[in-house]
Amino acid sequence: MSQITLEAPDISCDHCIVSIEKAVTKLPGVRFVSGDPDEKRIVIEFDPQLADLATIESAMEEEGYPVTK
């Protein structure tokens, strides 16, 4: 398992976190998603053999929350 923390400046509330959680947990290999709207961060735990960072970032972008690089 790998864990990564991503920053997304467009996160502003709990609804944003829920939208991201729904989109990212649908991806194969993603085990856990949690976020903090005050810090504008998302913590994701995933199996790197089944999911990759680019796919996770893409899912977040499709929901309207691009990741800061």
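Along each chain, numbering runs from 1 in the same order as the chain's sequence is written. Per-residue local features of the predicted model are confined to residues with pLDDT of at least 70, and side-chain atom pairs are confined, for both listing and counting, to 80 or more; whole-chain, interface and lining totals are unaffected and use all residues. Only hydrogens and water are set aside; all other atoms, that is, all heavy atoms of the structure, feed into the side-chain values.

Trainee: Please explain helix α1 (residues 14-25) as it appears in this structure.
Mentor: In an α-helix, one full turn covers 3.6 residues, which means residues spaced three or four apart are oriented alike. Helical segments are the DSSP runs of H or I of at least four residues, strand segments are the runs of E of at least two, and each set is numbered from the N terminus. How far a helix is expected to stretch is found by multiplying one less than its residue total by 1.5 Å. Compared with the 16 Å implied by 1.5 Å per residue over 12 residues, the 16 Å span of α1 between its first and last C-alpha is a close match. Each residue's exposure class comes from its accessible area (1.4 Å probe, protein chains only) as a fraction of the maximum for that residue type: buried when under 20%, exposed when over 50%, partly exposed otherwise. When α1 is considered as a whole, its buried residues turn out to be Cys16, Ile17, Ser19, Ile20, Ala23 and Val24. Take α1 and look down its axis: the buried residues cluster within an arc of 160 degrees, on one side only. Facing away from the buried side of α1 by over 90 degrees, the exposed positions are Asp14, His15 and Lys22. Tucked inside the fold, the buried residues of α1 contact β2 (30-36), β3 (41-46) and α2 (53-62). Our arc is simply the arc of the directions from the helix axis toward the C-beta atoms. It only takes one pair of heavy atoms within 4.5 Å for two residues to be counted as in contact.

Trainee: Help me out: how do you make sense of the pattern of salt bridges in this one?
Mentor: Oppositely charged side chains may form a pair once their charged atoms are brought near each other. Whenever Lys or Arg places a side-chain nitrogen within 4 Å of a carboxyl oxygen from Asp or Glu, that contact is recorded as a salt bridge. On inspection of all chains with the given rule, the structure shows 2 salt bridges. Between Arg41 and Glu7 there is a salt bridge, with its nearest N and O atoms 3.5 Å apart. With Arg41 in strand β3 and Glu7 in strand β1 (residues 2-7), this residue pair connects regions lying 34 residues apart in the sequence. Looking at Arg41, the relative accessible area reads 34%, which means it is partly exposed. The residue Arg41 makes a salt bridge to Glu39 at a minimum N-O spacing of 3.3 Å. Using a relative accessible area of 46% as the deciding quantity, one classes Glu39 as partly exposed. Here the residues in one salt-bridge network are Glu7, Glu39 and Arg41, joined through shared partners.

Trainee: Hey, could you run me through the nonpolar core in this one?
Mentor: For soluble globular proteins, the rule of thumb is that nonpolar side chains tend to be buried together. Definition of nonpolar core: a set of buried residues of the types Ala, Val, Leu, Ile, Met, Phe, Trp, Tyr and Cys, connected through side-chain atoms within 4.5 Å. Residues Ile11, Val24, Val30, Ile42, Ile44, Ile56 and Met60 are the most contacted members of the largest nonpolar core, which totals 19 residues. Listed by contribution, the elements that provide at least two residues to this core are α1, β2, β3 and α2. The element best represented in this core is α1, accounting for 4 residues. Ignoring sequence-local partners within four residues, the contact set of Ile42 consists of Ile4, Thr5, Leu6, Ile11, Ile17, Ile20, Val33, Ser34, Gly35 and Met60.

Trainee: Would you mind showing me how to read α2 here?
Mentor: Those residues of α2 lying buried are Ile56, Glu57, Ala59 and Met60. Across the axial projection of α2, the buried residues extend over an arc of 155 degrees, all falling on one side. Opposite the buried face of α2, at more than 90 degrees from it, the exposed residues are Ala54 and Glu62. Lining the buried residues of α2 we find β1, α1, β2 and β3. The N-terminus of α2 is capped by Asp52, whose side-chain oxygen sits 3.1 Å from the backbone nitrogen of Ala54. Gly64 sits one or two residues past α2 and shows a positive phi near 100 degrees. Two N or O atoms count as a polar contact when they lie within 3.5 Å, although within protein this holds only if one can serve as hydrogen donor and the other as acceptor, and sequence-adjacent residues are included solely when both atoms are side-chain atoms.

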